[in-house]
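So you can see what is in the structure, the chains are spelled out below.
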Amino acid sequence: MKYISTRDGSVCVSAAQAVIDGISKDGGLYVPAEFPKLDYRQLLDMDYAARAHSVLRAYFDFDITGVAEEAYATFETDDPAPLVKLDDNVFVLELWHGRTHAFKDMALSVLPRLMTKAKAAVGDRSETLILVATSGDTGKAALEGFKDVDGTRCCVFYPTDGVSRVQKLAMQTQAGDNVCVVGITGNFDDAQTAVKRAFADDRLAQSLHENGISLSSANSINIGRLVPQIAYYYSAYCDLVNAGEIADGDKADFVVPTGNFGNILAARYAMEMGLPIGKLICASNKNNVLTDFINTGVYDVNRKFFKTESPSMDILVSSNLERLLFEVSGRDAALTRSRMEELKSCGKYSVSEQELGKIREVFDCGYADDEQAEAAIAEVFDEYGYLIDTHTAAAFAVALSGETSGATVVVSTANPYKFAPAVLRALGEDAKDEASVRMFDTMCDITAMEAPQSLKDVFTAKIRFDKTVSPDNIISFIGQQYGKNDR
Ligand SMILES: *Cc1c(COP(=O)(O)O)cnc(C)c1O
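Definitions and limits used
Within every chain, residues take consecutive numbers counted from 1 along the sequence as written. Note on the predicted model: pLDDT of at least 70 is required for a residue's local features to be given, and 80 or more for side-chain atom pairs to be given and counted; whole-chain, interface and lining totals, by contrast, use all residues. Where side-chain values are given, they derive from all heavy atoms of the structure, hydrogens and water being excluded. Elements are defined by DSSP. Helices are runs of H or I of four residues or more, strands are runs of E of two residues or more, and each kind is numbered from the N terminus. Relative accessibility under 20% of the residue-type maximum defines a buried residue, over 50% an exposed one, and the middle range a partly exposed one, all with a 1.4 Å probe and only protein chains included. Every accessible area reported is derived by Shrake-Rupley at a probe size of 1.4 Å, with residue values counting cover from the shown protein chains alone. Only four residue types enter the charge count, namely Lys and Arg as positive and Asp and Glu as negative; His and the chain termini do not. Charge positions are represented by NZ for Lys, CZ for Arg, CG for Asp and CD for Glu. By definition, two strands form a pair when at least two bridges between them are found by DSSP. In this analysis, axes come from line fits to C-alpha atoms, helices being fitted only over the stretch in contact, and the angle between any two N-to-C directions falls in the range 0 to 180 degrees. We call a residue near a molecule or strand whenever a single non-hydrogen atom of that residue lies within 4 Å of it. Within 3.5 Å is the distance limit for a polar contact, defined as a pair of N or O atoms, with the added protein rule that one can donate a hydrogen and the other accept it, and that residues adjacent in sequence qualify only through two side-chain atoms. Grid spacing is 1 Å over the protein atoms alone, the probe is 1.4 Å, and a cavity is where that probe fits but cannot get out, while a pocket is an open set with protein on both sides within 12 Å along at least five of seven lines and lining residues have an atom within 4 Å of a point. In this description, a molecule resides in a pocket or cavity if more than half of its atoms sit within 2 Å of the grid points defining it. All amino acids are sorted into three groups, where Ala, Val, Leu, Ile, Met, Phe, Trp, Tyr, Cys and Pro are nonpolar, Asp, Glu, Lys and Arg are charged, and the leftover types, Gly among them, are polar. Grid points are joined across faces, edges and corners, and a volume is the space filled by probe spheres set on the points. Taken from the helix axis, the directions to the C-beta atoms give the arc we talk about. Any two residues having at least one pair of non-hydrogen atoms within 4.5 Å are treated as being in contact.

Describing the overall build of the protein
Within the protein one finds 21 helices and 16 strands. Each principal axis of the C-alpha atoms in the protein carries an extent, and together these give about 65 × 50 × 45 Å. When each of the 487 residues of the protein is scored for burial, the buried share is 61%. Surface summary for the protein: the accessible area is close to 18600 Å², and the carbon and sulfur share equals 45%. The average position of the 48 basic charges and that of the 70 acidic charges among the side chains of the protein differ by 7 Å.

Comments concerning the sheet that holds strand 3 (residues 30–32)
Read from one edge to the other, the open sheet built from three strands follows the order 2-1-3, with strand pairing classed as antiparallel. If you trace the sheet from one side to the other, it starts and ends with strand 2 (12–14) and strand 3, each paired once. Between one strand and the next, the sheet's axes are offset by a mean angle of 40°, whatever the strand orientation. Here strand 1 (residues 2–5) pairs with strand 3 via three bridges, running antiparallel. Each residue of the ladder has a partner; that of Ser5, found in strand 3, is Tyr30.

Points about the site of the ligand
Neighbouring residues of the ligand: 15 residues in total, closest Lys104, Asp137, Gly259, Asn260 and Asn263. One of the backbone nitrogen or oxygen atoms of Asn260 is found 2.7 Å away from an oxygen atom of the ligand. Phe261 places a main-chain nitrogen or oxygen 3.0 Å from an oxygen atom of the ligand. In isolation the ligand has 380 Å² of accessible area, and contact with the protein removes 98% of it. Mapping the ligand onto the cavity grids shows that it belongs to the largest cavity. Among the residues making up the shell around the ligand, the classes are represented as five nonpolar, eight polar and two charged.

Quick look at the layout of surface pockets
Estimated volume of the largest pocket: approximately 1100 Å³. Residue lining of the largest pocket: 42 residues in total, with Ile23, Gly27, Lys196, Phe199 and Ala200 positioned closest to the centre. Of all the elements, helix 8 (residues 188–199) adds the most residues to the lining of the largest pocket, at seven residues.

Points about helix 15 (residues 353–362)
Along helix 15, the positions that sit buried rather than exposed are Glu355, Leu356, Ile359 and Val362. Buried residues of helix 15 fall within an arc of 125° about the axis and therefore sit on the same side. For helix 15, the exposed residues set more than 90 degrees away from the buried face come down to Glu353, Gln354 and Glu361. Against helix 11 (262–272), strand 11 (277–284), helix 12 (289–296), helix 13 (321–328), helix 14 (333–346) and strand 14 (363–367) lie the buried residues of helix 15.

This is the structure in structure tokens:
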């Protein structure tokens, strides 16, 4: 299996190299040279780890023995991605049973193991520095995933005022000798842009290289992050068939709370591989740049950025959309590059009618502001006694407002306790803005759902990282921290 770049038609690297690099030198994202096929019928009798292994196997031709099995052994449930039936045609795919209680664990428990194997496969003995820009959940999941993994270090940048209190404390109290957490003045897009700039900085690369360090990414721009996410769409489909909820080959729809477009893109990849999916419904919060794009074909980030109760979706520049653009353009790297350049210079680009048609064949869209999301939390709890978080709520709000035919799977991306204040408010409690253990107890009394111990622990753990830097200083910060000191 070879990987090509979305921005340069001449690039072609091995699967192992694509995982190690994270992003292509030309700034493009790696995509498979062609999509492998995988018949879900082969996976029906397998457990989750074996299903995931089959998906990884289809994309990565280096030794991946034990990767999926070890990754999913860290989950709190036997089934890492259980499918819960709420109603005749409504199901919830719970993706938050990993160590950090958000869907990022589905891939970030896999990526460090994949990275280690990929480096062994190509004989790469350098130390890998993983740089992460996070809107809250990726950072913590990457830190947990890479903590004390030999040959790696992990440095996370998050918007200081753009994450929930629990998210922030969880990162600031992170254990591990090879980790570092830094607040950024600015929003997630500022953090992501600054980290992308660091990847493209030759002087930084040189200074790190002299110290035996190479850079890689744990953001969903890394193909090693995206592929493990394909597995849960296969698994959910198999579970539906096995439970007799759909007939063999029937199509299922998925509603996905979306930010960086990584989760939903994995579903699109599953379709390419042959999984019978009907519609993919892209649910946004008030930062509804994707809703507008899917409706009009114009992607325009010249708009107000809103801080919402679903901070992991507070994103205007959805990186993974680039991979979809590449596909609908007929894999035209030059065109994709010029659009990404337009986005950078003017904050805007548009696709042709024909391309928009291809997108709308598969994607529906909608968005919910905080009020609508809170209403969805209350409605789902009243109707089904089932508690959802603020991100999943955006997906439910969109799902509940649209008409559905056949099985609809709402993808649930976080444990509600991660966003306790807003969830409690939605349930009619007078919650103050800041989460606390007492607030967790109140939520438990009302909902009979237990708070995860590791989330309770963040309130008492020692803060190890409280540094804040401006986005402009990220590169010099990384240089000082990890580069060769030539003075
Ligand atoms: C990251 C995240 C999302 C958005 O996923 P993308 O892959 O960025 O689209 C949604 N919900 C939660 C809880 C997340 O952590």
